[in-house]
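Summary of structural features
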Amino acid sequence: MIKNWILPLWIGRRLRHANSSGRSFSGPVIAVVTAAISVSSVVMIIAIVTGTGLQHEIKNKIYSFRGHVQIKKYVDDDDLLESESILLTNDLLSAIKAHPSVRHVQSSAYRTAILKSTNYFEGCVLKGIDEHFDASRLASYIKEGTFFQKLKGTESDSIVLSAYHARVLDVKAGDRLAVYFIREAPKTPLLRYLIVSGIYESGVEDVDKQFAWVDIDLIRSINRWEADEVGALEVFIKEGSKPEEVAAELSAVLPFDLQSVSAKMAFRQLFQWMDLFDINILIIIIVMVVVSAINLSSALMILIVERTRMIGLLKALGAENTLITKIFLYKAFVILTRGLFIGNAIALGYAWMQRTWKIIKLDQTAYFVDSVPVYFDLGWILSVNTGTLVMCLLILLVPSRYISAIPAARVLKFE
């Protein structure tokens, strides 16, 4: 197999040196085609690293605020913000933690309330957290103050507000808020006073306009729950595991009155919007591969026309069409790999600078992030480069068939 390529490779190298020496009119054309392939490569790689980066960043935000999987009672979606209590037993925790993909489990509870500052008031959903709460996942979203630490056996009087609620209520870290819990008439609302320990901003509107964090014991006292009752269990899974699969597998070991809901099911519209990124990326890749193939085919035809005398001479010496085709495919391969290499270097260089310095900013209200996110998915990048290389070379088999139509005797006669 290797021997069959020795002669075509040797002639192809000689052909490359001749084109670069200035004796060939195809040299400028090859330079333009290489640049076109480089631009196509840049567009594809940037589409991949930014598209997957946006997906990765938004998903991480959602997972940080509610876990990959949430376990709760079977209730209607409208009732999820004030969920019924779950009896937290050792058997239930053991069954969940026994799953090989589960990394961390923490309790939560929800209760609607009205927040009132000196001059303003605003509705809110309070999310209670326990002593197992992993505050480190939210550290990057804290804009002012700190996240309070929940201690077992004590009830904290702290609250962590979103930047949206802080603006509406005109408060800052350290201020005191009146919190009203509405009860059924004729009962009067319950009043509690909480201190703003921190202010966060996630950029996800569904989170920032709804949730504030408090001690789960506060929710228990308002709902008159026991110490072993919680509203939901938030399950965080290991890297590489799929939340939908883990949720389905956990449902099989849960009691009949509990359900396991993945983040994708809870935020259907947001995840459907993110799924469109894959379609957009695929369309961009297809268009750029077609553009690269067309440009490369044009360059190959120019090379073949320019080297008609060489083709006739090789045929006269007994060379088969297959051998001559390999010579030009090698030349096309060199042009293609050079263009891909330059394009990858430019695109990945830009991605590294964007990831380091966040050069290009975004409207956080529309995209849920304040700058263009970048995620280096090695599998995507390698697949696109390999696929582009293979598809272009396969498409080049069509113009290379022109070689078989060149009559050796007639070409050499007129030479």
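Here's what I pulled together on the structure shown here. (Residues numbered from 1 in each chain as written. Predicted model: local features only at pLDDT ≥ 70, side-chain atom pairs only at ≥ 80, totals over all residues. Heavy atoms only, no water.)

**A look at the overall build of the chain**
Looking only at helices and strands, one finds 15 helices and twelve strands in the chain. Rg of the C-alpha trace for the chain: 32 Å, well past the compact-globule value of 22 Å for 415 residues, more than 25% over. Relative to its 415 residues, the chain shows a buried fraction of 47%. Carbon and sulfur atoms form 59% of the exposed surface of the chain, whose accessible area is close to 21,500 Å². (Helix = DSSP H or I, 4+ residues; strand = E, 2+ residues; numbered from the N terminus. Rg over C-alpha atoms; globule rule 2.2 N^0.38 Å. Buried < 20%, exposed > 50% of the residue type's maximum accessible area, 1.4 Å probe, protein only. Areas by Shrake-Rupley, 256 points an atom, 1.4 Å probe, with all protein chains shown as cover.)

**Section: a nonpolar patch on the surface**
Taken together, Trp352, Met353, Trp357, Ile359, Ile360 and Phe376 make up a surface patch of nonpolar side chains, about 620 Å² in accessible area. Topologically, Phe376 is positioned in the loop between α12 (364–367) and α13 (378–395). Taking the relative accessible area as the measure of exposure, Phe376 reaches 31% and is therefore partly exposed. (Patch = residues over 30% accessible without salt bridge, like charges linked within 9 Å, V, L, I, M, F, W, Y side chains within 5 Å. Salt bridge = Lys/Arg side-chain N within 4 Å of Asp/Glu carboxyl O.)

**Notes on the pattern of salt bridges**
Charged atoms that come close allow side chains of opposite charge to pair. Evaluated as defined, the whole model comprises eight salt bridges. With a closest N to O distance of 4.0 Å, Lys264 and Asp275 form a salt bridge. Here the residue Lys264 occupies a position in helix α8 (residues 263–266), and Asp275 occupies one in helix α9 (residues 268–306), the gap between them amounting to eleven residues. With relative accessibility at 32%, the residue Asp275 sits in the partly exposed group. Where salt bridges share partners, they join Lys150, Asp215, Asp217 and Arg220 into one cluster.

**A closer look at unusual backbone geometry**
The amide bond that connects Ala185 to the next residue, Pro186, takes the cis arrangement and shows omega of 10°. In this fold, Pro186 is placed in the loop between β7 (176–181) and β8 (190–200). For Asp170, which is not a glycine, the phi torsion comes out positive at approximately 60°. Mapped onto the secondary structure, Asp170 falls in the loop between α4 (163–169) and β7. The class for Asp170 is exposed, based on a relative accessible area of 56%. Positive phi, close to 50°, is recorded for Lys358, a residue that is not glycine. By the secondary structure assignment, Lys358 is in the loop between α11 (321–357) and α12. Here Lys358 falls in the partly exposed class, since its relative accessible area comes to 41%.

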